[in-house]
Amino acid sequence: MEKQVIRQHTSFIKFIYSSVLVPESIQDLVEDIGFFKYRHMCWAMEESVREGEEFGGTFAVDEVAELKKLKTQRELVNYLISDLETNLRTYSNDNLPTIARFKNDDLYFLEQLKEIKEGRLKGSFKPELNRQLEEPITAFSQKGKLKGVELTSETKNALIFFLMEEIFKEYELILIYSFYKTYSQNSTTNSVFTDLAYDSIYHLKRFAQLAKELGVLTLPRPIPLKKYRSEDIIQFLKENIEEERGAEKNCLILAEKIGNDQLRDFLLFISRQEVYHAYLLERALATLKEKK
Ligand SMILES: [Fe+2]
Ligand SMILES: [Fe+2]
């Protein structure tokens, strides 16, 4: 199962990042697959634990790095197709319900992606989509600007710095919260970790969207997850409450200097969510202390 954790984790990264890269008309589909892949990864983690195996935070780094080399939308769709095909080749043990589920989902979505590759949406040919598939991918081009937003070079640099740091952190948190969720025996901590992971996926997507427009999107690095197995969870929760407060502060500082109403409102909205993250972690902490 550890192999499946790596496969589903790799797919999750590819689809959730691609959901901000693809043309709007297919964004929902790619995002849906990304969320299924997130759940598949969590289910593979749970199966691993049931089988008494450890699992880590590695993924197929080379495969993910290929995202940066793709030139057009059509190449991106082909890349996603070949990801599901690679997965399907690993589902030999499909009398296991979890593997059967992966196979069922991947087969269905593979057919939908193949339709899109031919410029079709729900059965009918869409010339507009077919044209969009020839468009270049500029998310990594290092040049770009936000539509309808004028930024000074100082605020633009501050925003880029913020995005790069936060994108990495959100990805890291998704993994760590999912990891702790897998081992958590308590309903409060379980729901706290689940909710935090989903909130972090949302933050990752929104930040990645901005980074894409600016041409400064960055890809994740593997996290040494296994080390968290031996870490004291109480200590982790305390540190992360501080991290969440730090995230709130970073948003507030940037919101103050950004000089654009829409971006300021967005940053304030995110900052208030970070406050709630700290609250959720406080609750988890109180529950665990009570049990001790
Ligand atoms: Fe966040
Ligand atoms: Fe957060």
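Residues numbered from 1 in each chain as written. Chains lettered and ligands numbered in written order. Predicted model: local features only at pLDDT ≥ 70, side-chain atom pairs only at ≥ 80, totals over all residues.

Sorry if this is basic, but what is going on with the nonpolar core here?
Generally speaking, a soluble globular protein has its nonpolar side chains buried in company with each other. Counting residues in hydrophobic clusters, the biggest one holds 70 residues, and the most contacted among them are Ile174, Tyr177, Ala208 and Ala211. Secondary-structure elements contributing two or more residues to this core are helix H1 (2-18), helix H2 (24-50), helix H4 (73-89), helix H5 (97-117), helix H7 (153-183), helix H8 (187-214), helix H9 (233-257) and helix H10 (261-291). Residue contributions to this core reach at least three from each of two domains, namely domain 1 (1-137) and domain 2 (138-292). (Core = buried A, V, L, I, M, F, W, Y, C linked by C-beta atoms within 7 Å. Buried ≥ 20, exposed ≤ 12 C-beta atoms within 10 Å, placed from the backbone. Helix = DSSP H or I, 4+ residues; strand = E, 2+ residues; numbered from the N terminus. Domains from an automatic or database assignment.)

Teacher, can you tell me more about H8 here?
Between its first and last C-alpha, H8 extends 41 Å over 28 residues, near the 40 Å set by a 1.5 Å rise per residue. A positive phi of about 75° marks glycine 215, the residue just after H8. (Expected span 1.5 Å × (residues − 1).)

Can you help me understand the environment of threonine 155 in this one?
Checked against the element boundaries, threonine 155 lands in helix H7. Take threonine 155: there are 17 C-beta atoms within 10 Å of it, and that puts it in the partly exposed class. Between the C-alpha atom of threonine 155 and that of leucine 254, which follows or precedes it by 99 residues, the distance is 8.3 Å. Apart from residues lying up to four places away in sequence, threonine 155 is in contact with Lys257, Ile258 and Gly259. (Contact = placed C-beta atoms within 7 Å.)

For this particular structure, what's the right way to read the packing of H1 against H4?
The axes of two packed helices give the description: the angle between them and the distance between them. Direction vectors running N to C along H1 and H4 enclose 160°, while the axes themselves pass 11 Å from each other. As judged from the angle between their axes, H1 and H4 are roughly antiparallel. Between H1 and H4 lies a crossing of left-handed hand. Note on element contacts: H4 touches H1 through Leu76, Leu80, Asp83 and Asn87, opposite Arg7, Ser11, Lys14, Phe15 and Ser18. (Axes fitted to C-alpha atoms, helices over the stretch in contact; angles between N-to-C directions. Parallel < 35°, antiparallel > 145°, perpendicular 65-115°, else oblique. Left-handed = near helix turned anticlockwise from the far one by under 90°.)

Looking at this structure, how should I read H1?
For an α-helix, the turn length of 3.6 residues means that residues three or four places apart are oriented alike. Its 17 residues place the ends of H1 24 Å apart at the C-alpha level, agreeing with the 24 Å of an ideal helix rising 1.5 Å per residue. Of all the 17 residues making up H1, 15 are buried; the element is thus mostly covered by neighbouring parts of the structure.

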